[in-house]
Amino acid sequence: MAQVDAASNVSDYDRFRELFTRRMSVRDLRADPIPDDYVEKILEAGRWAMSGANSQPWEFIVVREEQIKQQLVEAYVQENSEFIFWMEQTRLPALRHPQFQVEGDPAEQWEHLRNRLGAWGQAPVLIAILGDGRRQWGTVLGALTFGRHQSHLTDALSNAATLMHLAATSLGLGSQHVTIHIQEPFKRVLDVPDLLMIHHILPIGFAKIDRKPTVRRPLADMVHYDRYDRSKYMSNQQIVDYLYSLRGKTMAAYHAYRQHGRADE
Ligand SMILES: Cc1cc2nc3c(=O)[nH]c(=O)nc-3n(C[C@H](O)[C@H](O)[C@H](O)COP(=O)(O)O)c2cc1C
C-alpha cells in the first residue's frame, strides 16, 4: 500500500514524483564549493543502484583539484568535442544536435565554439563514473552475446548515474551528464587503468540560473497494454519528422544558456 505521511498527507510517490520532475540537466553551475557530505550522499545513492547479478561494475573518481578539472576540459574540447563537431557537420543542419547547429564556415564556427564548450569544468566537483567490465562476469555469459556486448556494464552505470542525479536534486544541487566518447585522453588525465572505462562525467554544483521545466513525450505515446499497439508504431518517415519537431523543443533548453553568454554541453 502507498505510504502516506500522516502529518502532511503527502505520499512517498508524490514526493518522489516532485523530485524526478524537478531534476533537469543544469549546464551552468556556480563555482562555489558544496558541502563534502553532499558529495558523500550522492556517491551513496550511486552505490545502491541496480546491476546485472548485483555485479556493481562502477567506481567513482571525485575531482576537486582545479588543474585536473582543466585537463579534463582540454581533453573534452580537443578530442571529444572536436570529433563530435565535425561528425555533426555531416548531417542536415536542422537535425544536428542543437549545440552544433552553426551557420557559416564550419572551421571558423568551431574556433568560436570551442572556447565555450568546457563550462562544466567550473563545477566545484566532478564525479567521473568508471566501469569495470571484469565485474560483468558476475552475470550470465549470455548477457554478453547476440549484440548485447557491454550493455550490462553500461546499463548498470546509467542506473548508478540516475540515482546520483536524483540525489543531487534532492540536495538542491544541479547536475549534468557529460558523455565521454573518446576515453583515452581522459583516462590519461585521471590515471585510470586500461581495463576500466570512463562512462561519463557528472559535474555537480549550485545552479547559476533557473531553467524552464523539462518536457517529455506523453505517456499515451509510449505505453502499450498486453500487446504492442501498432497504431502507435511510427514509420521511418514519422521518426524523421519527430526528430525535426524534437529539435524545435530541445533548442530552448540550450538557448537558455546562450542567452547568458554561455554554451552548454
Ligand atoms: C546517455 C546520455 C547521454 C547524455 N549526454 C549528454 C552530454 O554529453 N551533454 C549534456 O549536456 N547532456 C547530456 N545528456 C543529458 C540529456 O541531454 C538530457 O537528459 C535530456 O536532454 C533531457 O533533459 P533533462 O535532463 O533536463 O530532463 C545525456 C543524457 C544521457 C542519458
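All figures in this text were calculated on a predicted structure; none of them were measured in a lab. Sequence order sets the numbering: in each chain, residues are counted from 1 along the sequence as written. Where local features are concerned, this predicted model is filtered to residues with pLDDT of at least 70; where side-chain atom pairs are given and counted, the filter is 80 or more; whole-chain, interface and lining totals use all residues.

A. View of the overall build of the protein chain. From N to C terminus, the protein chain includes 8 helices and 7 strands. In terms of overall dimensions, the protein chain is globule-like: its C-alpha atoms have a radius of gyration of 20 Å, near the 18 Å expected for 265 residues. Residue burial is a threshold on neighbouring C-beta atoms within 10 Å of the residue's own C-beta, all placed from the backbone, with 20 or more meaning buried, 12 or fewer meaning exposed, and counts in between meaning partly exposed. By the burial criterion, 25% of the 265 residues in the protein chain qualify as buried. Contact between two residues is assigned when their C-beta atoms, built from the backbone, lie within 7 Å. Counted over contacts in the protein chain with a minimum sequence separation of 6, partners at least 24 positions apart contribute 81%. A run of H or I in DSSP becomes a helix once it reaches four residues, and a run of E becomes a strand once it reaches two; helices and strands are each numbered from the N terminus. For the radius of gyration, the atoms used are the C-alpha atoms, and the globule rule reads 2.2 Å times the number of residues raised to 0.38.

B. Representation of the pairing of strand 4 (residues 125-132) in the model. Most of strand 4 sits out of view: 7 of its 8 residues are buried. Pairing between strands is defined by DSSP: at least two bridges between the two strands are required. Relative to strand 4, strand 3 (residues 58-63) runs antiparallel, the two sharing 6 bridges. From the neighbouring strand, Val-62 faces strand 4, where its bridge partner is Ile-127. Bridging between strand 4 and strand 7 (residues 196-205) involves 8 bridges; their strand directions are antiparallel. If you follow Leu-126 over to strand 7, its bridge partner there is Pro-203.

C. Examining the confidence of the model for the protein chain more closely. Predictor confidence is given residue by residue as pLDDT, running from a minimum of 0 to a maximum of 100. Across the protein chain, the average pLDDT comes to 90, with 94% of residues at 70 or higher. In the predicted structure, residues 256-265 sits below a pLDDT of 50 and forms 29 contacts with residues beyond four places in sequence or in another chain.

D. Local environment of the nonpolar core. The nonpolar core criterion groups buried Ala, Val, Leu, Ile, Met, Phe, Trp, Tyr and Cys residues into a set whenever they are joined through C-beta atoms within 7 Å. Membership of the largest hydrophobic core comes to 38 residues, with the highest contact counts inside it found for Leu-72, Leu-126, Ala-128, Ile-129 and Ile-204. Secondary-structure elements contributing two or more residues to this core are helix 2 (36-47), strand 3, helix 3 (66-88), strand 4, helix 5 (151-170), helix 6 (184-190) and strand 7. No other element matches helix 5, which puts 8 residues into this core. When neighbours within four sequence positions are excluded, Ile-129 is seen to be in contact with Trp-58, Phe-60, Leu-157, Ala-160, Ala-161, His-199, His-200 and Leu-202.

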